[in-house]
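In case you want the letters, here they are:
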Amino acid sequence: MEKSARIYIAGHRGMVGSAIHRKLLSEGFTNIITRTSSELDLRNQQAVKDFFAAEKPDYVFLAAAKVGGILANNTYRGEFLYDNLMIQNNIIHSAYENGVKKLLFLGSSCIYPKLAPQPLKEEYLLTGELEPTNEPYAIAKIAGIKLCDAYRSQYGCDFISVMPTNLYGPNDNYDLNKSHVLPALIRKFHEAKKNNAPSVVMWGTGTPRREFLHADDLADACYFLMQHYSEPGLVNIGVGDDIPIKDLALLVKKIVGYEGEIEHDLSKPDGTPRKLMDVSKLHSLGWKHRISLEEGIRAVYEEVKGKL
């Protein structure tokens with residue numbers, strides 16, 4: 001990417017988009033195009049069409065999506081499927097119509113079958129049943145990968161897809177009704193410490209294992225792939241290591257400095273038993289993560305503790 005290129009970041013205020021924005025600014029890119037959701041409704045086909053025709057971006061990072069944890073995914077099933085399909089369809093098609101040089105589409109590790117072998121290899125896509133609680137979101141993201149591949153095949157578009165593992169970092173969502181597990185644990189332990197609560201309740205058994213990648217590492221990987229990768233299919237982005245949720249809770253408890261107990265609400269779902277990414281393809285391309293989990297959580301907590 002040329003330093004003067006016009007680069008559109010869809011979803012620049014979200015955790016992923018803002019990390020990509022910071023990365024591009026740090027690398028000296030100055031011609032970055034952004035729109036808030038109130039300025040441009042990405043679900044509106046005509047609005048997106050008009051935006052692309054006017055702005056003519058050279059490169060696109062498609063990080064805009066309707067996202068949430070188990071509860072939100074399972075409750076707003078129609079919205080998660082419709083909104084995400086519309087957002088990505090409109091952007092990908094307009095990118096093709098306006099001659100965008102390259103587009104990077106961001107998916108999610110939930111695209112893989114619930115009981116796929118671990119670690120998750122890129123070729124396991126569409127080899128089994130999805131996790132029911134986030135099936136609508138997963139189906140939308142799978143459609144996005146296939147749309148990028150179809151436009152590459154039919155029209156010669158340089159559209160690539162990446163699948164990040166579980167993310168955390170600046171601009172995460174700490175709403176307990178909509179957040180993912182790590183920010184939810186940070187908020188729960190922080191509030192319990194502040195209120196001198198005797199215990200913190202966590203969902204499920206704590207036995208599922210999860211992999212966590214700092215958003216700044218993801219942005220670095222996306223920047224790297226935008227310059228060094230151009231193939232159909234997808235690339236996993238992760239750290240290649242995971243941790244039981246119970247151990248994650250103990251780590252957050254230590255970082256926050258909470259002294260109470262941890263209780264388990266076994267009426268709540270565990271979700272997928274394990275989601276570890278096989279990142280050998282990414283490593284073979286020449287990229288590896290840099291931020292350790294404890295280092296990353298400490299940095300995030302220092303930043304947000306005054307706002308929680």
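Coordinates for the structure precede this section.
Residues numbered from 1 in each chain as written. Predicted model: local features only at pLDDT ≥ 70, side-chain atom pairs only at ≥ 80, totals over all residues. Heavy atoms only, no water.

1. A word on the overall build of the protein
In step 1: The helix and strand tally for the protein stands at ten helices and 13 strands.
In step 2: The C-alpha radius of gyration computed for the protein amounts to 19 Å, which stays within 12% of the reference 19 Å derived for 308 residues, consistent with globular compactness.
In step 3: When the backbone C-alpha atoms are referred to their principal axes, the protein occupies close to 60 × 40 × 40 Å.
In step 4: For the protein, with 308 residues in total, the buried portion stands at 53%.
In step 5: Here the analysis covers contacts within the protein between residues at least 6 apart in sequence; of these, 81% occur between residues at least 24 apart.
In step 6: Side-chain charges of the protein comprise 37 positive and 38 negative groups, with the mean position of each set lying 2 Å from the other. (Helix = DSSP H or I, 4+ residues; strand = E, 2+ residues; numbered from the N terminus. Rg over C-alpha atoms; globule rule 2.2 N^0.38 Å. Buried < 20%, exposed > 50% of the residue type's maximum accessible area, 1.4 Å probe, protein only. Contact = heavy atoms within 4.5 Å. Lys, Arg positive; Asp, Glu negative; His and termini not counted. Charge placed at Lys NZ, Arg CZ, Asp CG, Glu CD.)

2. Overview of the nonpolar core
In step 1: Core analysis: the largest hydrophobic core is formed by 40 residues, its most contacted members being Tyr-8, Leu-42, Phe-52, Ile-91, Leu-103, Ile-111 and Phe-159.
In step 2: Among the secondary structure elements, those contributing two or more residues to this core are β1 (7-10), α2 (45-55), β3 (59-62), α4 (77-97), β4 (102-106), α5 (135-155) and β5 (159-164).
In step 3: Per-element tally for this core: the top contributor is α5, with six residues.
In step 4: Apart from the residues within four sequence positions on either side, Ile-111 is in contact with Leu-125, Leu-130, Ala-138, Lys-141, Ile-142, Ile-145, Met-163 and Leu-234.
In step 5: Counting residues in each nonpolar core, the second largest holds 35 residues, with Ile-9, Ala-221, Val-235 and Trp-287 among its members. (Core = buried A, V, L, I, M, F, W, Y, C linked by side-chain atoms within 4.5 Å.)

3. Some words on the packing of aromatic side chains
Geometry of an aromatic ring pair is reported as the spacing of the ring centres plus the angle between the planes.
In step 1: On inspection of all chains with the given rule, the structure shows nine aromatic pairs.
In step 2: Aromatic side chains Phe-80 and Tyr-137 sit 6.2 Å apart centroid to centroid with 80° between the ring planes, which places their arrangement in the edge-to-face category. Residue Phe-80 is located in helix α4, and its partner Tyr-137 is located in helix α5; the two are separated by 57 residues in the primary sequence.
In step 3: The rings of Tyr-8, Phe-51 and Phe-52 are connected pair by pair, giving a single aromatic cluster. (Phe/Tyr/Trp six-rings, centres within 6.5 Å; stacked < 30°, edge-to-face > 60°.)

4. Focus: the sheet that holds strand β13 (residues 274-275)
In step 1: Taking strand neighbours across the sheet as the criterion, the three strands line up as β11-β8-β13 in an open arrangement whose pairing is mixed. Here the strands that pair on one side only, and so sit at the sheet edges, are β11 (243-244) and β13.
In step 2: Where strand β8 (residues 209-210) lies against β13, two bridges are found, and the strand directions are parallel. Along β13, the bridge assignment pairs Arg-209 with Arg-274. (Pairing = 2+ DSSP bridges.)

5. Considerations on α5
In step 1: Taking 1.5 Å as the rise per residue, α5 with 21 residues should run 30 Å; its terminal C-alpha atoms sit 29 Å apart, in good agreement.
In step 2: Of the positions making up α5, those classed as buried are Pro-136, Tyr-137, Ala-138, Ala-140, Lys-141, Ile-142, Gly-144, Ile-145, Cys-148, Asp-149, Tyr-151 and Arg-152.
In step 3: Looking at the buried side of α5, the elements it contacts are α3 (70-75), α4, β4 and β5.
In step 4: A positive backbone phi angle near 75° is found at Gly-156, which sits one or two residues after α5. (Expected span 1.5 Å × (residues − 1).)

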